[in-house]
Amino acid sequence: VRLEAWDSARVSDLYIAQNQVSKELANLTAYVDVTSANESDAELIIEDVGHKSVLTKQAIKLKGGRNNFKIDFAVAKPQLWWPNGLGAHPLYTFKSRLLIGGQASDEKSVRTGLRSLEVRQENDEWGKSFAFVVNGVPVFGKGANWIPADSFPTGITSERYRWLLKSAADANMNMIRVWGGGIYETDEFYEICDELGILVWQDFMFACSMYPANQEFLDSVRAEAEDNVRRLRNHPSIAIWSGNNVVEGAWFNWGWKQNLPVSVWDDYLKIFEGVLKEVCGTLDPGRLYWPSSPHGGLPDDPNSLKSGDTHSWKVWHFAAPFTDYQKEFPRFMSEYGFQSFPQLETVQSYAKADEHHIQSPVMMAHQRHPRGNQLIKEYMLREYAEPKDFESFLYVSQVLQAEGIKVGAEHLRRIMPRNMGSLYWQLDDCWPVASWSSIDYFGRWKALQYYAKRFYSPVLLSPHLEGDELKFYIVSDLMEPTRAVLNVELRDLDGNKVMGIKKDLVAAPVKSQAYFSQSVKSLLAGRDAKSVMIYCELLVNGKVISSNSYFFAPFKELSLPTPLISFDVVKGRNGYKVRLSTDKLAKGVYLSTKTEGFFADNYFDLLPDKPVEIEFRTKANIPIEEFRNQLRVRSPKDAFSTDGTTSTNN
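None of the values given here were measured: they were computed from a predicted structure. (Residues numbered from 1 in each chain as written. Predicted model: local features only at pLDDT ≥ 70, side-chain atom pairs only at ≥ 80, totals over all residues. Heavy atoms only, no water.)

*Asks:* Any details on the overall build of the chain? Residues and values, ideally.
*Replies:* Counting its secondary structure elements, the chain contains 13 helices and 35 strands. Each principal axis of the C-alpha distribution contributes one length, and for the chain these read about 90 × 60 × 55 Å. Looking at the chain residue by residue over its 650 residues, the buried ones come to 57%. Of the accessible surface of the chain, which amounts to about 26700 Å², a share of 50% is contributed by carbon and sulfur atoms. (Helix = DSSP H or I, 4+ residues; strand = E, 2+ residues; numbered from the N terminus. Buried < 20%, exposed > 50% of the residue type's maximum accessible area, 1.4 Å probe, protein only. Areas by Shrake-Rupley, 256 points an atom, 1.4 Å probe, with all protein chains shown as cover.)

This is the structure:
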């Protein structure tokens, strides 16, 4: 049977390269691969599907085999794609149609967002910068590392992908690092990142090991890289290609350089400075290829604080105090973290009641770090007394993790632009376990995820002690100045206001700056530091956009009262609304219920004159009285003594 010409050619690949993009014009190039069975004259048409417009046409000549065509075109006044928190994330669908003899032969569509993106590396007073710049605006990378969401990837559903990534976006994250010890994620993962404005730091799948460089292996690496770069390069969310996780750092810092032949390093260079670099340079030259994470761009210091990206593990692995985060001044922090346990409901999925102690065999089996439980307890006892029971230990471990990462994240944001990224380890879990995650295996937000929503807010108010001065920093990621009111209050630990200071200010865009400072001595005015606290808030048009607390001593040294927290429940549009008030300061208030659902806020401080209303979203249709009776309200005070927090329902 003889095939007509238009039946024997197909569009095998379409790549939209973004040469130059501004709000006035997007200059683009369509790279179209056509596979043809024979020679023929043909025509390629590039269309904007969403706007139903033909952007350009080009007559072409096909030869038998694979054909590569380059077609320049432009989009006037493009709708720009922005990272989460800076603007909308509109997506264009471009289609390449192949006509032979005037008849449609084949077509291929891709979806992308139009934006300019670079990783700016410029010499400055601290070394060399490492900043993602989107549409001309420096973007502080706020986010976390991503591991596979299940030990069995086929078990990851669309709903699970969307819940986890939407949770990241809802916590004001704008970047996810896909860790090189996991998997290349599905198309759906990257499509959701595109839709949510989440930039992706994409590792190639090499981690914590040296690799051979015989020709067969190099050919395999090249094929793997080419397949994934072609598959993913149209996604506006892909921000950087990174060759591996920690391989370079391991060579220099784990004793490998001293104990392995130099040929092993030569093999490293063939893969990560050779094959992968070549593939990215050929197939996606507009994005930065970065050979390893961490990588300092220096011959002997992969974890340099002067350039490139950094991993920090003195906290956790080496048991350094959380305050040591404030001693590091990196250019981009792509990994740091601390463990906690999941909440009781998750632990109950793998441990029976008689196994509810952290040294039980099943609990140890669900702790994959050899010193994990010991480290959590060691850090905990630095800040807190011994929790009174197992459930309290789980709860306090989450507050401990959240408070610790808060120290690091706020420091990293305060020193902007010296540092331009904070990606903590890690967002999600691949099984129910004690880990560094901020969302557990079942999708439950841990305390850290709620804290992240605050310390990653677009405008952050962050008090910081420098010498004997308490400085109040405002960090703004926004592109416009923010006119605001700074309210600083000294309160006793009952929560009563002792002194207040208000200051009108204009927070500069894309900047960190201390707008007010006062000596601790004048703030305390002779009061015992262990009996008072600082509460501060930033208001825009009377609405609090960021608030924070500062305590002058560790939790276990504070003279905290026992609060009486009152709550009421009313029906809401998507479930229930919980209204809470307290007679005294209640720190780290935690709400829980047996009903499946989601608290819009949790693990928050409650002050006597500042009642709050928390939405609980659920699909469960249970009577309001049943939900009210299920609801538990706790504060850390309750975790250490039997006469702690009590709650009443009005």
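Moving on from the coordinates now.
*Asks:* For the sheet that holds strand 34 (residues 632-634), give the residues involved together with the corresponding values.
*Replies:* With antiparallel pairing, the three strands of this open sheet are ordered in space as 32-30-34. Of all the strands in the sheet, the pair left with one neighbour each is strand 32 (604-606) and strand 34. The sheet shows a mean angle of 40° between the axes of neighbouring strands, taken without regard to direction. The sheet contact formed by strand 30 (residues 586-592) and strand 34 spans three bridges and is antiparallel. When the sheet's bridge partners are listed, Leu 591 is paired in strand 34 with Val 633. (Pairing = 2+ DSSP bridges. Axes fitted to C-alpha atoms, helices over the stretch in contact; angles between N-to-C directions.)

*Asks:* Would you mind going over the sheet that holds strand 1 (residues 9-21) in detail, with residue names and values included?
*Replies:* The strand order across the open sheet formed by three strands is 1-2-5, and the pairing between neighbours is antiparallel. Each edge of the open sheet is held by one strand with a lone partner, namely strand 1 and strand 5 (65-76). Going from strand to strand, the sheet's axes swing by 20° on average, the running direction of each strand aside.

*Asks:* Please set out the packing of aromatic side chains residue by residue, giving values where relevant.
*Replies:* The relation between two aromatic rings is expressed through the spacing of the ring centres and the mutual angle of the planes. For the structure shown, the criterion picks out 53 aromatic pairs. Aromatic pair Tyr 441 and Phe 442: ring centres 5.2 Å apart, planes at 75°, arrangement edge-to-face. With centroids separated by 5.7 Å and ring planes inclined at 35°, the aromatic side chains of Phe 472 and Phe 516 adopt a geometry described as tilted. Taken as a pair, Phe 472 in strand 22 (residues 469-476) and Phe 516 in strand 25 (residues 511-519) lie far apart in primary sequence, 44 residues in all. When its relative accessible area of 0% is taken as the criterion, Phe 472 is described as buried. Stacked on the ring of Tyr 379, the Lys or Arg Arg 382 has its end atom at 4.3 Å from the ring centre. Positioned above the aromatic ring of Tyr 451 is the side chain of Arg 454, whose terminal nitrogen or guanidinium carbon lies 5.4 Å from the ring centre. (Phe/Tyr/Trp six-rings, centres within 6.5 Å; stacked < 30°, edge-to-face > 60°. Lys NZ or Arg CZ within 6 Å of the ring centre and 35° of its normal.)

*Asks:* Can you break down the side chain of Ser 36 residue by residue, with the values?
*Replies:* The residue Ser 36 is located in strand 2 (residues 25-36) in this model. Of note is the side chain of Ser 36, whose polar atom sits 2.7 Å from the backbone oxygen of Asn 38. Not counting residues up to four positions away in its chain, the partners in contact with Ser 36 are Ser 8, Ala 9, Leu 62, Lys 63, Gly 64, Gly 65 and Asn 67. (Polar contact = N/O pair within 3.5 Å; in protein donor to acceptor, adjacent residues only side chain to side chain. Contact = heavy atoms within 4.5 Å.)

*Asks:* Requested: an account of the side chain of Thr 582, with residues and values cited.
*Replies:* Note that Thr 582 resides in strand 29 (residues 575-582). Among the polar contacts listed, one links the side chain of Thr 582 to the backbone oxygen of Lys 584, at a separation of 2.6 Å. If we ignore the near neighbours within four places in the chain, the residues touching Thr 582 are Pro 563, Leu 564, Ile 565, Leu 606, Leu 607 and Pro 608.

*Asks:* Can you explain the packing of helix 9 (residues 372-383) against helix 10 (residues 390-414)? Please cite residues and give values.
*Replies:* Close contact between helix 9 and helix 10 brings their axes to 10 Å; oriented N to C, the two are set at 80°. Between helix 9 and helix 10, the crossing angle belongs to the class labelled roughly perpendicular. Together, Ile 376, Lys 377, Tyr 379, Met 380 and Glu 383 of helix 9 and Phe 393, Val 396, Ser 397 and Leu 400 of helix 10 make up the contact between the two elements. Class assignment of the residues belonging to the contact of helix 9 with helix 10 gives a composition of six nonpolar, one polar and two charged. (Parallel < 35°, antiparallel > 145°, perpendicular 65-115°, else oblique. Nonpolar A, V, L, I, M, F, W, Y, C, P; charged D, E, K, R; others polar.)

*Asks:* Go over the pairing of strand 21 (residues 459-466) with me, naming the residues and quoting the values.
*Replies:* On a regular strand, one side chain projects to one face of the sheet and the next to the other, so that they alternate. Most of strand 21 is tucked away: six of the eight residues are buried. Sheet analysis places strand 21 next to strand 22, joined by eight bridges and oriented antiparallel. In the sheet register, Val 459 faces strand 22, and the bridge partner there is Ser 476. Linking strand 21 back to strand 22 in an antiparallel pair, the connection comprises two residues, with Gly 467 at a positive phi of about 65°.

*Asks:* Outline helix 2 (residues 187-196), supporting the account with residue identities and numerical values.
*Replies:* All buried positions along helix 2 are accounted for by Phe 189, Tyr 190, Ile 192, Cys 193, Asp 194 and Leu 196. In this fold, the buried residues of helix 2 make contact with strand 13 (141-146), helix 1 (158-170), strand 14 (175-178), strand 15 (199-203), helix 3 (215-232) and strand 16 (238-242). Taken from the residues just after helix 2, Gly 197 is the one with a positive phi, measuring 75°.

*Asks:* Outline the nonpolar core, supporting the account with residue identities and numerical values.
*Replies:* Core analysis: the biggest nonpolar cluster contains 135 residues, and Phe 204, Tyr 424 and Leu 580 have the highest contact counts within it. Once residues lying within four places of it in the same chain are set aside, the contact partners of Tyr 424 are Gly 143, Ala 144, Asn 145, Met 173, Tyr 336, Ile 405, Ser 438, Leu 448, Gln 449, Ala 452, Phe 455 and Tyr 456. In terms of nonpolar packing, the next biggest core, distinct from the first, is built from 44 residues, Ile 71, Leu 80, Leu 98 and Val 119 among them. (Core = buried A, V, L, I, M, F, W, Y, C linked by side-chain atoms within 4.5 Å.)

*Asks:* I'd like to hear about the pattern of salt bridges, residue by residue, with values.
*Replies:* Under the defined criterion, the tally for this structure stands at 42 salt bridges. Across the salt bridge formed by Arg 66 and Asp 33, the nearest N and O atoms sit 2.6 Å from each other. On the criterion of sequence distance, the pair formed by Arg 66 in strand 5 and Asp 33 in strand 2 is long-range, its members being 33 residues apart. Salt-bridge contacts for Arg 231 lead to Asp 187; the nearest nitrogen and oxygen are separated by 2.7 Å. Of the two residues, Arg 231 is situated in helix 3 and Asp 187 in helix 2; the sequence distance between them amounts to 44 residues. You can call Arg 231 partly exposed: its relative accessible area is 26%. The class of Asp 187 is partly exposed, set by a relative accessible area of 37%. Linked by salt bridges that have partners in common, Asp 13, Asp 33, Arg 66, Arg 230 and Arg 233 make up one network. (Salt bridge = Lys/Arg side-chain N within 4 Å of Asp/Glu carboxyl O.)

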